[in-house]
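This is what each chain is made of:
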Amino acid sequence: MVGYDPEAKCVSSAEAAAAGSASGLVTRVLVSPLDVLKIRFQLQIEQLSSRNPTAKYHSILQAVQCILREEGLGAFWKGHVPAQFLSVGYGAVQFMAFESLTELVHNVTSYSARGSLVHLVCGGLAACTATVTVQPVDTLRTRFAAQGEPKIYPSLRHAVVTMYRTEGPWTFYRGLTPTLIAIFPYAGLQFFFYNILQQFSEWGIPAGGKKGGNIKNLVCGSCAGIISKTLTYPLDVVKKRLQVGGFEHARAAFGQVRTYKGFLDCMRQIMREEGPGGFFKGLSPSLLKAALSTGLIFFWYELFCSLLCALKSPDSTGRKEG
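Residues numbered from 1 in each chain as written. Predicted model: local features only at pLDDT ≥ 70, side-chain atom pairs only at ≥ 80, totals over all residues. Heavy atoms only, no water.

The name given to the protein chain in an unreviewed UniProt entry is Mitochondrial thiamine pyrophosphate carrier, with the source organism recorded as Smithornis capensis. Listed in UniProt under the heading Catalytic activity (unreviewed entry), the comment for the protein chain reads: "thiamine phosphate(out) + thiamine diphosphate(in) = thiamine phosphate(in) + thiamine diphosphate(out)". The Sequence similarities (unreviewed entry) field of the UniProt record for the protein chain holds the comment "Belongs to the mitochondrial carrier (TC 2.A.29) family." (UniProt positions renumbered as here; feature names shortened; annotations may be inferred.)

Written out as structure tokens, the structure reads:
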């Protein structure tokens, strides 16, 4: 199971980082198209409806057809290189920090490292650590996914140099405040609900029906992702709007553009112009992505950790199954 387990500990912090990187890499390849759709929806000022003639995107199917027609299949992997750096780096730091924090709790406090509340707090802190580490790459990924044709940034190097020269070094940390505000509860709730669902499955599934541990990890992770994403989604929309600040000229072909002075100003403008629904634009592809990505992250992480345990001790069962 994810997190420190004093009775079945066979994965070091470095191995947790390796497993987290590998799980992030594989998952990113599979969910990138949904991520592009989510970002396009979040950045659209106009209502996501076919009744609005000025709206570029109306629905998931219409957006897929539009992007395919205008930009080709490769558009669904726009920003994939910085996104992979993001996933690999984030996965490594997050799981290494989470394993270390739960072990610290076990060693210096009276709390159980397997407790759901411990996973809530440690998961949130681990995600904040990972977020600060990879925020510049996340900003680059958002810029690449947001641009249409012709491209403003033809390459990753060009994007880094141009952004640094024209906007300064702090542009790579645009949207950090709402990101940190959102990521603590989001990631914390992911680990919290994953832990609860795993415990519930162990209680609800008879001993003879626990063979499909990998599928159980996938299902529990997917459900945890859906719940946590829904609860924290408005902050993700604000983050994306702030990350494309200074990039408005590249968004002109997609419809209206806005300039935001900061976190609170962005929230006020969205509420005033788009209503409460504006904070949930792109929720459908985001929930699909959350279900797939969170389920796959936990699935691959548990699987890679189990493989590492098996390699270290072939005769041992290693980590307890999910």
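Caption draft 1: Structural detail: the overall build of the protein chain. If you tally the helices and strands in the protein chain, you get nine helices and zero strands. Shown N-terminal to C-terminal, the secondary structure of the protein chain runs as helices and strands in the order α-α-α-α-α-α-α-α-α. Here the protein chain, with 322 residues, has 54% of them falling under the buried criterion. Taking all contacts inside the protein chain whose residues are at least 6 apart in sequence as the whole, residues at least 24 apart take part in 79%. (Helix = DSSP H or I, 4+ residues; strand = E, 2+ residues; numbered from the N terminus. Buried < 20%, exposed > 50% of the residue type's maximum accessible area, 1.4 Å probe, protein only. Contact = heavy atoms within 4.5 Å.)

Caption draft 2: Expanded view of the pattern of salt bridges. Following the criterion strictly, the structure yields 15 salt bridges and no others. Residue Lys-38 pairs with Asp-35 through a salt bridge whose shortest N-O separation is 3.6 Å. Taken together, the positions of Lys-38 and Asp-35, both in helix α1 (residues 13-43) and three residues apart, correspond to about one turn of that helix. Here Lys-239 ties to Asp-138 by a salt bridge, and the two come within 3.1 Å at their closest N and O atoms. Residue Lys-239 is found in helix α7 (residues 213-243), and its partner Asp-138 is found in helix α4 (residues 116-146); the two are separated by 101 residues along the sequence. If you follow the salt bridges from partner to partner, you end up with Arg-28, Asp-35, Lys-38, Asp-138, Lys-229, Asp-236, Lys-239, Lys-240 and Lys-289 in one network. (Salt bridge = Lys/Arg side-chain N within 4 Å of Asp/Glu carboxyl O.)

Caption draft 3: Summary view of a nonpolar patch on the surface. A surface patch of nonpolar side chains, about 540 Å² in accessible area, is lined by Leu-25, Val-29, Leu-30, Leu-68, Leu-73 and Trp-77. Ranked by residues supplied to the nonpolar patch, first place goes to α1 with three residues. As for its placement among the helices and strands, Leu-30 is situated in helix α1. (Patch = residues over 30% accessible without salt bridge, like charges linked within 9 Å, V, L, I, M, F, W, Y side chains within 5 Å. Areas by Shrake-Rupley, 256 points an atom, 1.4 Å probe, with all protein chains shown as cover.)

Caption draft 4: Geometry of the packing of α7 against helix α9 (residues 283-312). It is at 7 Å that the axes of α7 and α9 come closest, and there the two elements cross at 140 degrees. With respect to each other, α7 and α9 are oriented oblique. Read as a crossing pair, α7 and α9 show a hand that is right-handed. Of α9, the residues touching α7 (which contributes Asn-214, Asn-217, Leu-218, Gly-221, Ser-222, Gly-225, Ile-226, Lys-229, Thr-230 and Tyr-233) are Leu-283, Ser-286, Leu-287, Ala-290, Ala-291, Thr-294, Gly-295, Leu-296, Phe-298, Phe-299, Glu-302 and Leu-303. Its residues assigned to classes, the contact of α7 with α9 comprises 11 nonpolar, nine polar and two charged. (Axes fitted to C-alpha atoms, helices over the stretch in contact; angles between N-to-C directions. Parallel < 35°, antiparallel > 145°, perpendicular 65-115°, else oblique. Left-handed = near helix turned anticlockwise from the far one by under 90°. Nonpolar A, V, L, I, M, F, W, Y, C, P; charged D, E, K, R; others polar.)

Caption draft 5: View of the packing of helix α3 (residues 80-108) against α4. The interhelical angle for the contact between α3 and α4, taken along N-to-C directions, is 165 degrees, at an axis separation of 8 Å. Classified by the angle between their axes, α3 and α4 sit roughly antiparallel to one another. Between α3 and α4 lies a crossing whose hand is right-handed.

Caption draft 6: Structural context of the side chain of Ser-87. Structurally, Ser-87 can be placed in helix α3. Residue class for Ser-87 comes out buried when judged on its relative accessible area of 10%. Excluding its chain neighbours within four sequence positions, the residues that come into contact with Ser-87 are Gly-24, Leu-25 and Arg-28.

Caption draft 7: Spotlight on empty space enclosed by the protein. Tallied over the full model, the rule gives four cavities of 30 Å³ or more. When its volume is computed, the largest cavity comes out at roughly 720 Å³. If you go around the largest cavity, you meet 37 residues; those closest to its centre are Arg-28, Tyr-90, Ile-183, Tyr-186 and Lys-289. Listing elements by their share of the lining of the largest cavity, those giving two or more residues are α1, α3, α4, α6 (176-204), α7 and α9. (1 Å grid on protein atoms, 1.4 Å probe; cavity = no way out; pocket = protein on both sides within 12 Å on 5 of 7 lines; lining within 4 Å. Points joined across faces, edges and corners; volume = space filled by probe spheres on them.)

Caption draft 8: Looking closely at the nonpolar core. Of all hydrophobic cores here, the largest spans 24 residues; its most connected members are Val-2, Phe-95 and Tyr-301. Looking at this core, the elements with two or more residues in it are α1, α3, α4, α6, α7 and α9. (Core = buried A, V, L, I, M, F, W, Y, C linked by side-chain atoms within 4.5 Å.)

Caption draft 9: Up close: the packing of aromatic side chains. Evaluation of the coordinates by the stated rule reveals 13 aromatic pairs. Aromatic side chains Phe-41 and Tyr-57 sit 6.2 Å apart centroid to centroid with 40 degrees between the ring planes, which places their arrangement in the tilted category. On the criterion of sequence distance, the pair formed by Phe-41 in helix α1 and Tyr-57 in the loop between α1 and α2 (60-71) is long-range, its members being 16 residues apart. Taken individually, Phe-41 and Tyr-57 each receive the classification buried, so the pair is uniform in this respect. Seen from their ring centres, Phe-95 and Tyr-301 are 3.9 Å apart, and the 15 degrees between their planes marks the pair as stacked. (Phe/Tyr/Trp six-rings, centres within 6.5 Å; stacked < 30°, edge-to-face > 60°.)

Caption draft 10: Up close: helix α8 (residues 263-274). Given a rise of 1.5 Å per residue, 12 residues ought to cover 16 Å, and the 16 Å separating the end C-alpha atoms of α8 matches this to within 8%. Along α8, the residues classified as buried are Phe-263, Asp-265, Cys-266, Gln-269, Ile-270 and Glu-274. Along the long axis of α8, the arc covered by the buried residues comes to 165 degrees, so they all point the same way. Counted as exposed and oriented over 90 degrees from the buried face of α8: Leu-264, Arg-268 and Arg-272. Immediately beyond the C-terminal end of α8, within one or two residues, lies Gly-275, with a positive phi of roughly 75 degrees. (Expected span 1.5 Å × (residues − 1). Arc of directions from axis to C-beta.)

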